[in-house]
Amino acid sequence: MVTMAEQDANPTATEVANRYATHIKDKTVLVTGASAKSLGAGFVEGIAPHGPRLIIIAGRTPSKVQQVVDDLATAHPGLAVRSLVFDFASFEAVRSAAKELNSWDDVPQIDVLVSSVGVMGLPWSTSPSGHEMQLATNHLGPFLFINLIIGKVLASPAPRIVLISSDAHRLSPIRFGDINFRNGMAYHPFSAYGQSKTANALMALSLADKLGKKHNLVSLSLQPGVSQETGLMTHMTWAGDYPSAQYLDRMLGNKSGWAEHPPLLPTPVVAGPYVYAAFDPQLNDHNGSYIDHYEVGSPWTHILMPWATSSIEAERLWKLSEELVGEQFDY
């Protein structure tokens, strides 16, 4: 396990992966949102030297996905890498991609799935199915995709799913009465982002509750930290837009509203907790938990809202998500 001393030293994904080499070897790993310069790319770059059986890269932009594949092939010529290119905001594209992956007979199982696809701070827009774009991309698409390929995941003897959340979940619970912000009339980009990050945490809890004991699945959500080097901040800047998030914090009574913005770290450092959440065996005892960097989240010591840890809220979101994607998943 990563020690507190190492946490203070901000280890990179490569440094963290060195501790989990035996757990990475021969694993089939699928990471979504792993475009060039992303945290997902930093994660796979960190684990690649340790002999995973296969890395599957899923992302929206062909050129960015291909760059990750090419970089891995150059650095690790013997590494098996495959790609899936599709838009998580489109249910049609998600179903097509899931069908393609399920047809890969030479990939009988997925041992680790890291759901890292995400957008943040978008101007008001909707997905092809008419849902607010951040919720559609960050939650509804991954919800549908993971459930459609769950057979591959559960074929692993020790499957693990990590959903990338954020301490920004503090900015909004699930707005069950108005998830679409009155069709944009009541829209706030950071409230929408917060809602989607709460959804990630609740989905991890649901998967653990539904499939943990029955299928040995470990499901976690992760707050890895913040990097300004990725494409996540395409639609915002810290200097220009963070005060808008602070306004929400202050309205909610969160002490973050009066604090400086969190430290911005290099991408390889922020990708380090991905490796920890994906491979640390001691996390088997914390199924469904929210991981804050290298620690299991606690409301007493971390930014962790009750609306992101409630089994009741998780089940309510599961049912709503089934309704929104038009498909039931009974486990």
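Anything mentioned here points back to the structure above.
Rules behind the numbers
Residues numbered from 1 in each chain as written. Predicted model: local features only at pLDDT ≥ 70, side-chain atom pairs only at ≥ 80, totals over all residues. Heavy atoms only, no water. Axes fitted to C-alpha atoms, helices over the stretch in contact; angles between N-to-C directions. Helix = DSSP H or I, 4+ residues; strand = E, 2+ residues; numbered from the N terminus. Parallel < 35°, antiparallel > 145°, perpendicular 65-115°, else oblique. Contact = heavy atoms within 4.5 Å. Nonpolar A, V, L, I, M, F, W, Y, C, P; charged D, E, K, R; others polar. Buried < 20%, exposed > 50% of the residue type's maximum accessible area, 1.4 Å probe, protein only. Pairing = 2+ DSSP bridges. Right-handed = clockwise from strand over helix to strand, strands pointing away. Left-handed = near helix turned anticlockwise from the far one by under 90°. Core = buried A, V, L, I, M, F, W, Y, C linked by side-chain atoms within 4.5 Å.

Caption draft 1: Structural detail: the packing of helix α9 (residues 189-215) against helix α13 (residues 311-325). Contact pair α9 / α13: the axes reach a minimum separation of 9 Å and the direction vectors enclose 95 degrees. Accordingly, the angle class assigned to the pair α9 and α13 is roughly perpendicular. Packed against α9, whose contacting residues are A199, L202, L205, S206, L207, D209 and K210, the element α13 presents S311, E313, A314, E315, L317 and W318 at the interface. Here the residues of the contact of α9 with α13 are counted per class, giving seven nonpolar, two polar and four charged.

Caption draft 2: Structural context of the pairing of strand β6 (residues 218-223). Within β6, six of the six residues are buried, leaving the element largely enclosed by the surrounding structure. The alternating pattern of β6 places V218, L220 and L222 and S219, S221 and Q223 on opposite faces, both of which are buried. Inspection of the sheet shows strand β5 (residues 160-164) paired to β6 by five bridges, in the parallel sense. The residue of β6 that forms the bridge with V162 is L220. Crossover connection from β5 via α9 to parallel β6: handedness right-handed. Here three bridges tie β6 to strand β7 (residues 290-292), and the two strands are oriented parallel to one another. Counterpart to Q223 in the pairing with β7 is D292.

Caption draft 3: Region of the structure containing the packing of helix α4 (residues 39-47) against helix α12 (residues 272-279). Contact pair α4 / α12: the axes reach a minimum separation of 8 Å and the direction vectors enclose 65 degrees. It follows from the interaxial angle that α4 and α12 lie roughly perpendicular. Our pair here, α4 against α12, has a crossing hand that is right-handed. On the side of α4, the interface is formed by L39, G40, F43 and I47, while α12 contributes Y274, V275, A278 and F279.

Caption draft 4: Geometry of the pairing of strand β1 (residues 28-32). The buried fraction of β1 amounts to five of the five residues, a majority that puts the element mostly inside the structure. The side-chain alternation of β1 yields two buried faces, one formed by T28, L30 and T32 and the other by V29 and V31. The sheet contact formed by β1 and strand β2 (residues 54-59) spans five bridges and is parallel. The residue bridging V31 from the neighbouring strand is I57, located in β2.

Caption draft 5: Layout of the nonpolar core. Core analysis: the largest hydrophobic core is formed by 46 residues, its most contacted members being L30, F145, I161 and L207. When contributions to this core are tallied by element, the ones reaching two or more residues are β2, α6 (91-102), α7 (133-148), α8 (150-154), β5, α9 and α13. Per-element accounting of this core gives the leading share, seven residues, to α9. Each residue touching F145, except ones within four places of it in the same chain, is listed here: L30, T32, L84, F86, F88, V94, A97, A98 and L101. Counting residues in each nonpolar core, the second largest holds 39 residues, with I164, V218, V270 and Y274 among its members.

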